[in-house]
Amino acid sequence: MAMGSCGTSGGMAGRRHAAMLGIGTANPTGVLVPQDVFAENLFRVTNSDHLPELKEKLRRICEKSGIERRHFHLTEETLAAHPELFDRELPSLDTRVDMTADAVPKLAQCAAAKAIAEWGRPTADITHLVFSTYSACQAPTADLRLATLLGLRPTVSRTMLSLHGCYGGGRALSLAKELAENNRGARVLVACSEMTLVCFGAPDGGNIVGHALFGDGAGAVVIGAGPFLDGERRPIFEMVSATQTTIPRTEHALGMRVSGGGVDFHLAIQVPTLVGQNVEQCLLDAFRSAIVDDDDGGAAPPPSPCSGNGNGRWNDLFWAVHPGGRPILDNINKVLMLEPEKLAASRHVLREYGNMSGATIVFVLDELRRGRSPLPEWGALLAFGPGITIEAMVLRCPR
Ligand SMILES: CC(C)(COP(=O)(O)OP(=O)(O)OC[C@H]1O[C@@H](n2cnc3c(N)ncnc32)[C@H](O)[C@@H]1OP(=O)(O)O)[C@@H](O)C(=O)NCCC(=O)NCCSC(=O)CC(=O)O
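These numbers were taken from a predicted model, which means no experiment stands behind them. (Residues numbered from 1 in each chain as written. Predicted model: local features only at pLDDT ≥ 70, side-chain atom pairs only at ≥ 80, totals over all residues. Heavy atoms only, no water.)

**Quick word on the site of the ligand**
Thinking step 1. Around the ligand there are 27 residues in total, and Arg-60, Lys-64, Cys-166, Leu-267 and Arg-326 lie nearest to it.
Thinking step 2. Contacts to the ligand include Lys-64, whose side-chain N or O atom sits 2.6 Å from an oxygen atom.
Thinking step 3. Here His-322 contributes a side-chain N or O atom positioned 3.0 Å from an oxygen atom of the ligand.
Thinking step 4. Elements supplying a minimum of two residues to the shell around the ligand: α2 (52-64), α7 (208-213), β10 (262-267), α8 (271-294), α9 (326-335) and β12 (378-385).
Thinking step 5. The element best represented in the shell around the ligand is α2, accounting for four residues.
Thinking step 6. Each of two domains, domain 1 (18-225) and domain 2 (237-295 + 304-396), supplies a minimum of three residues to the shell around the ligand. (Near = heavy atom within 4 Å. Polar contact = N/O pair within 3.5 Å; in protein donor to acceptor, adjacent residues only side chain to side chain. Helix = DSSP H or I, 4+ residues; strand = E, 2+ residues; numbered from the N terminus. Domains from an automatic or database assignment.)

**As for helix α1 (residues 38-45)**
Thinking step 1. All buried positions along α1 are accounted for by Phe-38, Ala-39, Leu-42, Phe-43 and Val-45.
Thinking step 2. The positive-phi residue at the C-terminal boundary of α1 is Asn-47, with phi of around 55°. (Buried < 20%, exposed > 50% of the residue type's maximum accessible area, 1.4 Å probe, protein only.)

**Comments concerning the sheet that holds strand β11 (residues 318-321)**
Hydrogen bonding along the main chain pairs the strands of a sheet, whether they run parallel or antiparallel.
Thinking step 1. Taken together, nine strands build an open sheet; the order of strands is β5-β4-β6-β7-β1-β8-β13-β12-β11 and the sheet is mixed. Each having just a single partner strand, β5 (157-162) and β11 make up the two edges of the open sheet. Each strand axis lies, on average, 25° off the axis of its neighbour in the sheet, ignoring direction.
Thinking step 2. Sheet contacts for helix α4 (residues 93-119): β1 (18-26), β4 (128-133), β6 (187-194) and β7 (217-224); angle to β1, the most-contacted strand, approximately 130°. (Pairing = 2+ DSSP bridges. Axes fitted to C-alpha atoms, helices over the stretch in contact; angles between N-to-C directions. Contact = heavy atoms within 4.5 Å.)

**What about the packing of helix α10 (residues 344-353) against helix α11 (residues 360-370)?**
Thinking step 1. Contact geometry of α10 with α11 gives a least axis separation of 9 Å together with a crossing angle of 120°. Relative to α11, the element α10 lies oblique. For the pair α10 and α11, the crossing hand works out as right-handed. Across from Ala-345, Ser-346, His-348, Val-349 and Tyr-353 in α10, the residues of α11 making contact are Thr-360, Phe-363, Val-364, Glu-367 and Leu-368.
Thinking step 2. When grouped by side-chain class, the residues that make up the contact of α10 with α11 number six nonpolar, three polar and one charged. (Parallel < 35°, antiparallel > 145°, perpendicular 65-115°, else oblique. Left-handed = near helix turned anticlockwise from the far one by under 90°. Nonpolar A, V, L, I, M, F, W, Y, C, P; charged D, E, K, R; others polar.)

Here's what the structure looks like:
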């Protein structure tokens, strides 16, 4: 690829790129578990104390996770009333489907209400809804329930993304960008709501890392392209270009599967390495596509960073990276030779909430725009999930 200057540029892009106009996040209010007592709690509430070696391993993993606390919808009282949620001998899918049908859209509603309030226009102006969750188990799907809870118009155009896992948030944002840019006046609500109750179970050797990583949360973003309407706030982030890449022959590495006992996660030990090895090419593709896109008449060419050869150009950007796990962030940091503070927002979200799958990237965006120091003009978003799929997006923070 042509290596241009990595300097930033001023002015508005010529094309009407979609932009984020409101961002909201929410967590269940019920249970906040400090990570240093998580293993102890989990083994106690699931009657698993007869497995001390596994408990010790979970404790070791929790210590290395980079997580300090996580929010959960499931309370000890609910577990006591529903032993099927941790006793693998008992069928539990019905219970999980019933619980998620209500809880998942309600959590999304909390996040969406904040995003809509910040956006500044009436809820009736939402034209499209894109909902992503790994807890979609019935139809009509959770997007309809959310539309009803929010009082969206019956003509709202709904799309449900199911089991995309941790790249669901990136996919939903990317789809919303296309909808907003190709439908004049469209205002797209993205909602990602993730709850571990669909995969919660007694610890066994197979799912031990998932127990240490995942938490519950929802994120929502209102997206639109100009011209902007009365009352709409200034764009928070412009979404300049987006790419999706599947790393060949890595289907085995990361996955989810619905069984009688809920959703099982599979996380291969190689995931952080695979993401690290492939992420830079995805970024180069995303920036190349941003430059091509800008040839349409844009006045503000995006930077053209070049591969990590020590020139530090990736450090000219701000970074919204899905914190899939601490070693994933460490590997990205290393491969791109980023200054440590570049991934501070991702590490903060991992520390405070854990990995909330598809919703996590919205928390990172929210954390970034709340930061004390001004952001560079250009930035990159990265999210990963089963496939292994990498979503990359070039962002611009308007001046
Ligand atoms: C589990 C960790 C906190 C461990 O930290 P470290 O790797 O630094 O520490 P370590 O090498 O000493 O490993 C500690 C113990 O964890 C074990 N271990 C590590 N990774 C494992 C894995 N994937 N499966 C099973 N065991 C694993 C090691 O063998 C070791 O066991 P012992 O102590 O017995 O020797 C980390 O590797 C991590 O966060 N991994 C998850 C990364 C990941 O896959 N994220 C994607 C999430 S999914 C996602 O974001 C997308 C989606 O779901 O869609």
